[in-house]
Amino acid sequence: MGRRRIHINSGDKFGQWTVLREVALGNYPKRVFLCRCECGAERRIPINNLYYGYSSQRRKCAASFHWEIGRGSRNEPAVPTVWTRIKSFFGLR
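Computed from a prediction, not measured in an experiment: that's the story for all the values here.

Parameters and conventions
- Residues numbered from 1 in each chain as written.
- Predicted model: local features only at pLDDT ≥ 70, side-chain atom pairs only at ≥ 80, totals over all residues.
- Heavy atoms only, no water.
- Helix = DSSP H or I, 4+ residues; strand = E, 2+ residues; numbered from the N terminus.
- Buried < 20%, exposed > 50% of the residue type's maximum accessible area, 1.4 Å probe, protein only.
- Contact = heavy atoms within 4.5 Å.
- Areas by Shrake-Rupley, 256 points an atom, 1.4 Å probe, with all protein chains shown as cover.
- Pairing = 2+ DSSP bridges.
- Core = buried A, V, L, I, M, F, W, Y, C linked by side-chain atoms within 4.5 Å.
- Salt bridge = Lys/Arg side-chain N within 4 Å of Asp/Glu carboxyl O.

Draft legend 1. The arrangement of the overall build of the chain in detail. Secondary structure assignment for the chain yields three helices and four strands. Taken from the N to the C terminus, the helices and strands of the chain come in the order β-β-β-β-α-α-α. When burial is assessed residue by residue, the chain has 24% of its 93 residues classed as buried. Considering only contacts within the chain whose residues lie at least 6 apart along the sequence, 25% involve residues at least 24 apart. Per element, the accessible surface of the chain, about 7,700 Å² overall, is 51% carbon and sulfur.

Next up, the structure:
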């Protein structure tokens, strides 16, 4: 019994990656796809990383996302979101 082939088409989305096309990498045995992140960067991602969710975005995009959701910024120290909610609930500053 042979292995089941995973079908991925151009335009398919995996997290923030959009598949552009399949690429060949010389003697590399696994299928690799050229993908574009929502930020515009293009990277070659192995099929397993896309299909099983090991790669859903660039590390740089993930790091900038964490800065945006309240883990701090370059100008302000990080404040835990839970503590901010508790203070606002009790009317503390």
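Draft legend 2. Summary view of the pairing of strand E4 (residues 42-46). Here five bridges tie strand E3 (residues 32-36) to E4, and the two strands are oriented antiparallel to one another. Opposite Phe-33, over in E4, you have Ile-45 as the bridge partner. Taking the residues between adjacent antiparallel strands as the criterion, E3 and E4 are bridged by five residues, where Gly-40 takes a positive phi near 105°.

Draft legend 3. Summary view of the nonpolar core. Counting residues in each nonpolar core, the largest one holds 12 residues, listed as Ile-6, Ile-8, Phe-14, Trp-17, Val-19, Phe-33, Cys-35, Cys-37, Ile-45, Ile-47, Leu-50 and Cys-61. Every element with two or more residues in this core is listed here: strand E2 (17-23), E3 and helix H1 (47-51). Other than its neighbours up to four places away in sequence, Ile-6 contacts Arg-31, Ile-47 and Tyr-51.

Draft legend 4. Representation of the environment of Ser-10 within the structure. Mapped onto the elements of the fold, Ser-10 is located in the segment before strand E1 (13-14). Residue Ser-10 is classed as exposed on the basis of its relative accessible area of 54%. Here the alpha-carbon distance between Ser-10 and Glu-22, two residues 12 residues apart in the chain, equals 8.2 Å. Contacts of Ser-10, omitting those with residues within four sequence positions, involve Val-19, Leu-20 and Arg-21.

Draft legend 5. The environment of Tyr-54, seen in detail. Residue position: Tyr-54 is located in the loop between H1 and helix H2 (59-68). On the basis of relative accessibility, which here comes to 65%, the residue Tyr-54 falls in the exposed class. When near neighbours in sequence (up to four residues on either side) are disregarded, Tyr-54 contacts Asn-48 and Asn-49.

Draft legend 6. Main features of the sheet that holds E1. Spatially, E1-E2-E3-E4 is the arrangement adopted by the four strands of the open sheet, whose pairing is antiparallel. Among the strands making up the open sheet, the edge pair consists of E1 and E4.

Draft legend 7. Geometry of the pattern of salt bridges. Counted by the stated rule, this structure contains three salt bridges. Across the salt bridge formed by Glu-38 and Lys-13, the nearest N and O atoms sit 3.5 Å from each other. Within this pair, whereas Glu-38 is found in the loop between E3 and E4, its partner Lys-13 is found in strand E1, the two being separated by 25 residues in sequence. Residue Glu-22 is joined to Arg-31 by a salt bridge in which the shortest nitrogen-to-oxygen separation is 3.1 Å. For Arg-31, a relative accessible area of 18% puts it in the buried group.

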